[in-house]
Structures are given as C-alpha cells and as structure tokens.
Amino acid sequence: MNTVLNAAAHADVPPPRFVPGPPGTHITIRGLTKYFAGWPLYENFDLDIPKGKIVSVFGPNGCGKSTLINMIAGLVPIDRGEILFDGKSLKETKIGYVFQNYREALFPWKRTIDNIAYPLLLEGRSKAEVDRRMDELVASFDVKFDLKRYPYELSGGQQQTASIMRALAPRPEVLFLDEPFSALDFEMTLFIREKLQEVFMQTGTTMLLVSHDLEEAVYLADEILLLTKRPTRVAEILAYDDARPRTVETLSQASFVAAKKLSLEIFQREVRR
Ligand SMILES: Nc1ncnc2c1ncn2[C@@H]1O[C@H](COP(=O)(O)OP(=O)(O)OP(=O)(O)O)[C@@H](O)[C@H]1O
Ligand SMILES: [Mg+2]
C-alpha cells in the first residue's frame, strides 16, 4: 500500500527541467557539484561551452581548472549534476585529452607511431584506415622527426606533438588540454601553439584549454572562461574574436591588448576577493 502511495507521490514530482544552452552550445553543464574532503569545490555550477570554439580556462591557483575539465572528460567523478554533449552522454561522445606531463602520457614500450595509432586500434579500425589517418596527421602536423622512434628518443616538444596527434587521431568531438605547454621550452611552446591553431582551423574541433599563461590563454581563445576562487563560480566569460590565424602581430593589436587587460583585471579582482 505504502509503495503504491510513494510511487504515486513520486509521479506528481516533475523531474528538474533541463535548460538547454543558447544556439551553438556543445557542452551543457547543469547543477555540477563536487566536494573534496567535505569542502565544496563546485556547487550547483552551470556552464555552456560553445561548439567549434577554443575556450581557455583561467583562474586562481587551485580554483579547480583541472578538476573542471577532468569532470567533463569523465576522469574525475562528479557528486551531482549533469554534463551533456549535444544532448548526448560522455559515453556517446568521442573525446581526446592532452596531458600536461607528456613524459607519462605516452606508452614507453610502443614506438611513437604506434602510440599515435593506438586509439584507432582500440576503435577496431583496419590497417588501411589507420595508415590513411596516420598519413593525414603527419601531413597536417608537418612532422619532421622520425615517428618510428620510441618516445624517450624524442625531445619534450616532439613527445607533446605526438600526444596531441594521438588525441586527435580518432577525430574527437572535443579536445581537452590541461596546461599542454607548461613543461615545454619557449621555442617548442610557440611551435606547438601554432600547430594547435592550424589544426583547429582545419577541423573546428571544440577545445577546452587550461593555461596558466594569460597571454597564451587569450591568444588561442574564442572565449576566456574566468573562474573565481573556490567554491568556484564563473567570474566572467569574455569573447575574443580576432581573426585567425593569430600571429605575432596579434599580440600588439588593440583588441588583443584590451582582452588581456580585462581578463587580468577580472583575475586580480577574484584573487583579492
Ligand atoms: N583528489 C583530490 N582530493 C582532494 N582534493 C583535491 C583533489 N583533487 C583536487 N583537489 C583540490 O581541489 C582544488 C582544485 O584542484 P585543481 O587541481 O582542479 O585546481 P587547478 O585550478 O587546476 O590548480 P592549479 O592552478 O594548481 O593547476 C584544490 O584545492 C585541490 O587541492
Ligand atoms: Mg591544474
């Protein structure tokens, strides 16, 4: 009897209504809640991430930038909430992830080429398909080093290039990058940044990039997502829509300087709060 009553009572309570994002939204995050050791990091956090854009995530140390992208990518479990990709679950979505620490990201016992092809083999692709995709990747990255070498035989920049190629190999709908340049020297950073921008212009893959370098965050972004200190909220989302490819000249353009200045002001306001 009670069971019937309870079921009837439940039937009267409508499920929380899902509020879609504006047109062009790719990822919708609703009511995201995450606690670590009893302390809230995110509480009822909502966010819309646009499709086919690069969103740079920037915010105070320890505010949860990595945790945010890791929750979206399914690497860190969430306590509550919903994350959908074009209305689909993560399971139905193809994603790629580039880790900060390239040294631990590639399999040391596999040649570089086999590392890059690995996700394609997991997908069950035929040898012909894998070879075709590898040729495309090598061409679009203009790879000058020998992919038959093992990762430890490559420079850091070459390893990170290989990591990005591996992440892109299966043509992910979303690419996550957590400080992908922070362990690289300046020359390599510039090189890979340009490659990433080229690939983005070719593919239009939605990218979520965490960067601790504000200039880089703005330079690569269509949107800069500025976060507060924890419990973390969106401080502001700034649009930055200068034409691509962005170049050294971009850095001195008034629109770039203004976007960087505004981002810095918001960041400082949040750090001092
Ligand atoms: N597994 C965990 N267990 C407990 N606390 C955690 C865990 N992972 C992250 N945290 C805490 O959550 C907060 C956010 O961590 P996160 O690494 O996401 O921040 P971040 O913004 O990426 O930091 P950084 O700027 O240092 O890269 C930090 O206070 C961190 O100590
Ligand atoms: Mg981090």
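Remember, predicted model here, so these are calculated numbers, not experimental data.

J.: Honestly, the environment of Ser56 in this entry has me stumped. Any pointers?
T.: Tracing the sequence through the fold places Ser56 in strand 3 (residues 54-58). It is 15 Å that separates the C-alpha atoms of Ser56 and Glu194, two residues lying 138 residues apart in sequence. Not counting residues up to four positions away in its chain, the partners in contact with Ser56 are Leu209, Ala217, Ala221, Glu223, Ile224 and Leu225. Within the structure, the side chain of Ser56 is placed 2.6 Å from the backbone oxygen of Ala217, a separation counted as a polar contact.

J.: What's the story with the packing of aromatic side chains in this structure? I'm lost.
T.: How two aromatic rings sit relative to each other is given by the distance of their centres and the angle of their planes. Scanning the model with the defined rule gives 8 aromatic pairs in all. Look at Tyr97 and Phe99: their rings are 4.3 Å apart centre to centre, the planes differ by 35 degrees, and that puts the pair in the tilted class. Through successive ring pairs, a cluster of aromatic residues spans Tyr97, Phe99 and Phe176. The residue whose ring lies beneath Arg166 is Phe107, and the NZ or CZ to ring-centre distance is 5.9 Å.

J.: Any chance you could explain the site of ligand 1 here in plain terms?
T.: Phe36, Leu41, Asn61, Gly62, Cys63, Gly64, Lys65, Ser66, Thr67, Glu179 and Arg230 make up every residue found near ligand 1. In the complex, the protein chains occlude 55% of the 630 Å² of accessible area that ligand 1 would expose alone. Residue contributions to the shell around ligand 1 peak at 3 residues, all from helix 2 (residues 65-72).

J.: What exactly am I supposed to notice about the nonpolar core here?
T.: Inside soluble globular proteins, nonpolar side chains tend to come together where they are buried. With 47 residues, the main nonpolar core has Leu137, Phe141, Leu175, Leu196 and Ile224 as its most contacted residues. For this core, the domains that each give at least three residues are domain 1 (2-93 + 173-272) and domain 2 (102-171). The residues touching Ile224, leaving out its near neighbours within four places in the chain, are Ser56, Phe58, Val218, Glu236, Ile237, Leu238, Tyr240 and Ser263. Core analysis: the second largest hydrophobic core is formed by 26 residues, Ile27, Tyr42, Val57 and Met71 among them.

J.: Teacher, can you tell me more about the sheet that holds strand 4 (residues 80-85) here?
T.: Each strand in a sheet pairs with another by means of backbone hydrogen bonds, the pair being arranged parallel or else antiparallel. The strand order across the open sheet built from 3 strands is 2-1-4, with neighbouring strands paired in antiparallel fashion. Where the open sheet ends on each side, the last strands, each with one partner, are strand 2 (39-50) and strand 4. Between one strand axis and the next, the sheet turns through 15 degrees on average, direction left out of account. Running over the sheet, helix 2 touches strand 1 (25-36), strand 2 and strand 4 and is turned about 120 degrees from strand 1.

J.: Explanation requested: the pairing of strand 9 (residues 234-239) in the structure shown.
T.: Pairing analysis gives 5 bridges linking strand 8 (residues 223-227) to strand 9, with the strands arranged antiparallel. Note on strand 9: the bridge partner recorded for Leu226 is Glu236. Between the antiparallel neighbours strand 8 and strand 9 lie 6 residues.

J.: Explain the environment of Ile83 to me, please; I cannot follow it from the model alone.
T.: Within the secondary structure, Ile83 sits in strand 4. With 189 residues separating them along the chain, Ile83 and Arg272 place their C-alpha atoms 31 Å apart. With near-sequence residues (within four places) excluded, Ile83 lies in contact with Ile27, Thr28, Ile29, Leu32, Met71, Ile72, Ile78 and Lys88.

J.: Explain the sheet that holds strand 9 here, please?
T.: Taken together, 6 strands build an open sheet; the order of strands is 5-6-7-3-8-9 and the sheet is mixed. A strand with exactly one partner marks an edge of an open sheet, and here the two such strands are strand 5 (95-98) and strand 9. In this sheet, adjacent strand axes meet at a mean angle of 15 degrees when their direction is disregarded. As judged from the 4 bridges shared by strand 5 and strand 6 (residues 174-178), these two strands associate in the parallel manner. Of the residues in strand 6, the one forming a bridge with Tyr97 is Phe176. In this fold helix 2 packs onto strand 3, strand 5, strand 6, strand 7 (206-210) and strand 8, with an angle of close to 155 degrees to the strand it touches most, strand 6.

J.: Looking at this structure, how should I read the domain arrangement of the chain?
T.: When the parts of a complex come together, some accessible area is lost, and that lost area is often taken as the interface size. Segmenting the chain into domains produces domain 1 (2-93 + 173-272) and domain 2 (102-171). Between the C-alpha centres of domain 1 and domain 2 the distance comes to 26 Å. Opposite the 13 residues of domain 1 that make contact, domain 2 presents 13 residues. The interface formed by domain 1 and domain 2 includes 0 salt bridges. With 8 residues, helix 7 (residues 186-203) is the largest single contributor of residues to the side of domain 1 that touches domain 2.

J.: Hey, could you run me through the UniProt feature "domain: ABC transporter" (unreviewed entry) in the chain in this one?
T.: Using the residue numbers shown here, the UniProt feature "domain: ABC transporter" (unreviewed entry) corresponds to residues 27-254. Its end C-alpha atoms 31 Å apart, residues 27-254 is made of 34% helix and 25% strand.

J.: Looking at this structure, I do not really get the pattern of salt bridges. What am I missing?
T.: Side chains that differ in sign of charge can pair as their charged atoms come close. Tallied over the full model, the rule gives 20 salt bridges. Arg30 serves as the salt-bridge partner of Asp48, at 2.7 Å between the closest nitrogen and oxygen. Residue Asp48 is located in strand 2, and its partner Arg30 is located in strand 1; the two are separated by 18 residues in the primary sequence. Across the pair Lys127 and Asp131 runs a salt bridge, and its minimum N-O distance is 2.7 Å. With Lys127 and Asp131 both in helix 5 (residues 127-141), this residue pair falls 4 residues apart, about one helical turn. A relative accessible area of 35% places Asp131 in the partly exposed class.

Here is what the cut-offs are and how they apply
Per chain, the residues get numbers from 1 upward, laid out in the order the sequence is written. Labels follow written order: the first chain is A, the first ligand is 1, and so on. Selection of residues for local features in this predicted model requires a pLDDT of at least 70, selection of side-chain atom pairs for listing and counting requires 80 or more, and totals for whole chains, interfaces and linings are taken over all residues. Note that the side-chain values use all heavy atoms of the structure and ignore hydrogens as well as water. Numbering goes from the N terminus for both helices and strands, where a helix is a DSSP run of H or I of at least four residues and a strand is a run of E of at least two. In what follows, a contact means two residues having at least one pair of non-hydrogen atoms within 4.5 Å. What qualifies as a polar contact is a pair of N or O atoms within 3.5 Å, subject to a donor-acceptor requirement within protein and to the restriction that residues adjacent in sequence count only when both atoms come from side chains. Here is the rule: rings of Phe, Tyr and Trp (six-membered ring for Trp) pair when centre to centre is within 6.5 Å. Planes less than 30 degrees apart are stacked, more than 60 are edge-to-face, and the remainder are tilted. By definition, being over a ring means that NZ of Lys or CZ of Arg is both within 6 Å of the ring centre and within 35 degrees of the ring normal. We call a residue near a given molecule or strand whenever any one of its heavy atoms falls within 4 Å of it. Each accessible area is a Shrake-Rupley result for a 1.4 Å probe, and residues are judged covered by the shown protein chains and nothing else. By convention a nonpolar core is built from buried Ala, Val, Leu, Ile, Met, Phe, Trp, Tyr and Cys residues, the set being connected through side-chain atoms within 4.5 Å. We call a residue buried when its accessible area falls under 20% of the maximum for its residue type, exposed when it is over 50%, and partly exposed in between, using a 1.4 Å probe and counting protein chains only. Those domain boundaries reflect an automatic or database domain assignment. Strands pair, by our definition, only if DSSP identifies at least two bridges between them. Fitted lines through C-alpha atoms serve as axes, helices being fitted only where they are in contact, and the angles separating the N-to-C directions of these axes extend from 0 to 180 degrees. Any carboxyl oxygen of Asp or Glu within 4 Å of a side-chain nitrogen of Lys or Arg constitutes a salt bridge here. UniProt positions are given in the numbering used here, feature names are shortened, and annotations may be inferred rather than shown by experiment.

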